[in-house]
Amino acid sequence: DAGVIQSPRHEVTEMGQEVTLRCKPISGHDYLFWYRQTMMRGLELLIYFNNNVPIDDSGMPEDRFSAKMPNASFSTLKIQPSEPRDSAVYFCASSGGRTPNQPQHFGDGTRLSIL
Amino acid sequence: SQQGEEDPQALSIQEGENATMNCSYKTSINNLQWYRQNSGRGLVHLILIRSNEREKHSGRLRVTLDTSKKSSSLLITASRAADTASYFCATDGEDSNYQLIWGAGTKLIIKP
């Protein structure tokens, strides 16, 4: 079975550019999570969706960040404009079940470097 | 604030030895989960233990949960080089609306 698929795996771009990260969750999973991982702050939940609806976006750092889930098989995380402090590994994860505390399946992440 | 905090932050042992990592948390939980992260990869779910369970096994993994002490331990027996990874615990605190809250992880190095 295909797991969670993220693209691109690596992204290097200049400050001020728009960045779009993509995620395809596991089919049938109702929950989708976006995380950011850095050495300094560890793993941070940015936003999560249930049945394509954003439930909690309190972890989104600023208005420069936005996330969408137009359908059950696709989600995007956008940063516009990007800044060097946005450099991190961004993970998408999905899970099944009725509540968001069930085991999560992670993609291999997008390593983002903003110059 | 972090719900789960792993201890130690880093652990280096010889292949074949047992590795024990601990996780402490602050509020009541429904379940506690352990994940592994290999370098450059995403997290992989290892085991889930519910608040009414005290111990669970999966292969060479043994997880215990002490709700009175608000702590859990992950034991890896007969460690292998392939167990080298970071290990994270995640809990759903009573105030978190079932959201998982993550610890900072324990970096485990198995020396051949």
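Thresholds, definitions, all that
- Residues numbered from 1 in each chain as written.
- Chains lettered and ligands numbered in written order.
- Predicted model: local features only at pLDDT ≥ 70, side-chain atom pairs only at ≥ 80, totals over all residues.
- Heavy atoms only, no water.
- Helix = DSSP H or I, 4+ residues; strand = E, 2+ residues; numbered from the N terminus.
- Disulfide = S-S within 2.5 Å.
- Buried < 20%, exposed > 50% of the residue type's maximum accessible area, 1.4 Å probe, protein only.
- Pairing = 2+ DSSP bridges.
- Axes fitted to C-alpha atoms, helices over the stretch in contact; angles between N-to-C directions.
- Contact = heavy atoms within 4.5 Å.
- Salt bridge = Lys/Arg side-chain N within 4 Å of Asp/Glu carboxyl O.
- Polar contact = N/O pair within 3.5 Å; in protein donor to acceptor, adjacent residues only side chain to side chain.
- Nonpolar A, V, L, I, M, F, W, Y, C, P; charged D, E, K, R; others polar.
- Phe/Tyr/Trp six-rings, centres within 6.5 Å; stacked < 30°, edge-to-face > 60°.

> When you look at unusual backbone geometry in this model, what are you seeing that I'm missing?
Peptide bonds are mostly trans, and most non-glycine residues show a negative phi. The peptide bond linking Ser7 of chain A to Pro8 of chain A adopts the cis configuration, its omega dihedral lying at -10°. For Pro8 of chain A, the position within the fold is in the loop between strand E1 (5–7) and strand E2 (10–13). A cis geometry characterises the amide bond from Gln80 of chain A onward to Pro81 of chain A, with omega recorded as -5°. Position of Pro81 of chain A among the secondary structure elements: in the loop between strand E8 (74–79) and strand E9 (88–95). In the Ramachandran plot, Asn51 of chain A falls in the positive-phi region, its phi being about 50° despite a non-glycine side chain. Among the structural elements, Asn51 of chain A can be located in the loop between strand E5 (42–50) and strand E6 (53–56). Positive phi, close to 45°, is recorded for Ala78 of chain B, a residue that is not glycine. With respect to the secondary-structure elements, Ala78 of chain B resides in the loop between strand E8 (71–76) and strand E9 (85–93).

> How do you make sense of the state of the cysteines when you look at a structure like this?
A disulfide bridge is the covalent bond that connects two cysteines by way of their sulfur atoms. Under the counting rule described, the total for this entry stands at 2 disulfides over all chains. The residue that forms a disulfide with Cys23 of chain A is Cys92 of chain A, at a sulfur-sulfur distance of 1.9 Å. On the sign convention where negative means left-handed, the S-S torsion of about -65° between Cys23 of chain A and Cys92 of chain A marks this disulfide as left-handed. Here Cys23 of chain A, found in strand E3 (residues 19–24), pairs with Cys92 of chain A, found in strand E9; they are 69 residues apart in sequence, far enough to count as distant. The side chain of Cys23 of chain B participates in a disulfide bridge whose partner is Cys89 of chain B; the two sulfur atoms lie 2.0 Å from each other. Here the disulfide of Cys23 of chain B and Cys89 of chain B is right-handed, its torsion about the S-S bond being about 65°. With Cys23 of chain B in strand E3 (residues 19–24) and Cys89 of chain B in strand E9, this pair connects stretches of sequence that are 66 residues apart. The same class applies to Cys23 of chain B and to Cys89 of chain B, which are both buried.

> Help me understand the sheet that holds strand E7 (residues 61–66) of chain B, please; the structure alone is not making it clear to me.
Either a parallel or an antiparallel arrangement is found when strands of a sheet pair, and the pairing is made through backbone hydrogen bonds. All names here are of chain B. The 5 strands are arranged E1-E3-E8-E7-E6 in an open sheet whose pairing can be described as antiparallel. Across the chains shown, the open sheet's two edge strands, defined by having one partner strand only, are strand E1 (5–7) and strand E6 (55–58). For this sheet, the mean inter-axis angle between neighbouring strands, taken without regard to orientation, is 20°. Here E3 runs beside E8; their pairing, made up of 6 bridges, is antiparallel. Following the sheet pairing, Ala19 is matched in E8 by Ile76.

> Help me understand the interface of chain A and chain B, please; the structure alone is not making it clear to me.
Note: interface size is frequently given as the accessible area lost on complex formation between the parts. Taken together, the 17 residues of chain A in the interface contact 18 residues of chain B. When the shortest N-O distance is used, the salt bridge between Arg41 of chain B and Asp108 of chain A registers 3.0 Å. Taken together, the connections running from chain A to chain B amount to 11 residue pairs in polar contact (both at pLDDT 80 or more). Listing elements by their share of the side of chain A that touches chain B, those giving two or more residues are strand E4 (31–38) and E5 of chain A. The element that contributes the greatest number of residues to the side of chain A that touches chain B is E5 of chain A, accounting for 3 residues. Among the residues making up the side of chain A that touches chain B, the classes are represented as 8 nonpolar, 6 polar and 3 charged.

> Teacher, can you tell me more about the packing of aromatic side chains here?
Aromatic ring pairs are defined here through the distance separating the ring centres and the angle between the ring planes. By the definition in use, this model includes 10 aromatic pairs over all chains. Relative to Phe33 of chain A, the ring of Tyr31 of chain A lies with its centre 6.2 Å away and its plane at 15°, an arrangement referred to as stacked. Just as Tyr31 of chain A is buried, Phe33 of chain A falls in that class too. By the ring-pair criterion, three or more aromatic residues cluster together here, those being Tyr31, Phe33, Tyr35, Tyr48, Phe91 and Phe106 of chain A together with Tyr35 and Trp102 of chain B.

> Sorry if this is basic, but what is going on with the pairing of strand E4 (residues 29–37) of chain B here?
Both faces of the sheet carry side chains from a regular strand, because those side chains alternate between them. Residues and elements named next belong to chain B. The buried count for E4 comes to 7 of 9 residues, which makes it a mostly enclosed element. As defined by bridge partners, E4 adjoins E9 across 7 bridges and the pair is classed as antiparallel. Opposite Gln37, over in E9, you have Ser86 as the bridge partner. Sheet topology places E4 next to strand E5 (residues 43–50); 7 bridges connect them, and they run antiparallel. What sits directly across from Trp34, in E5, is Ile47.

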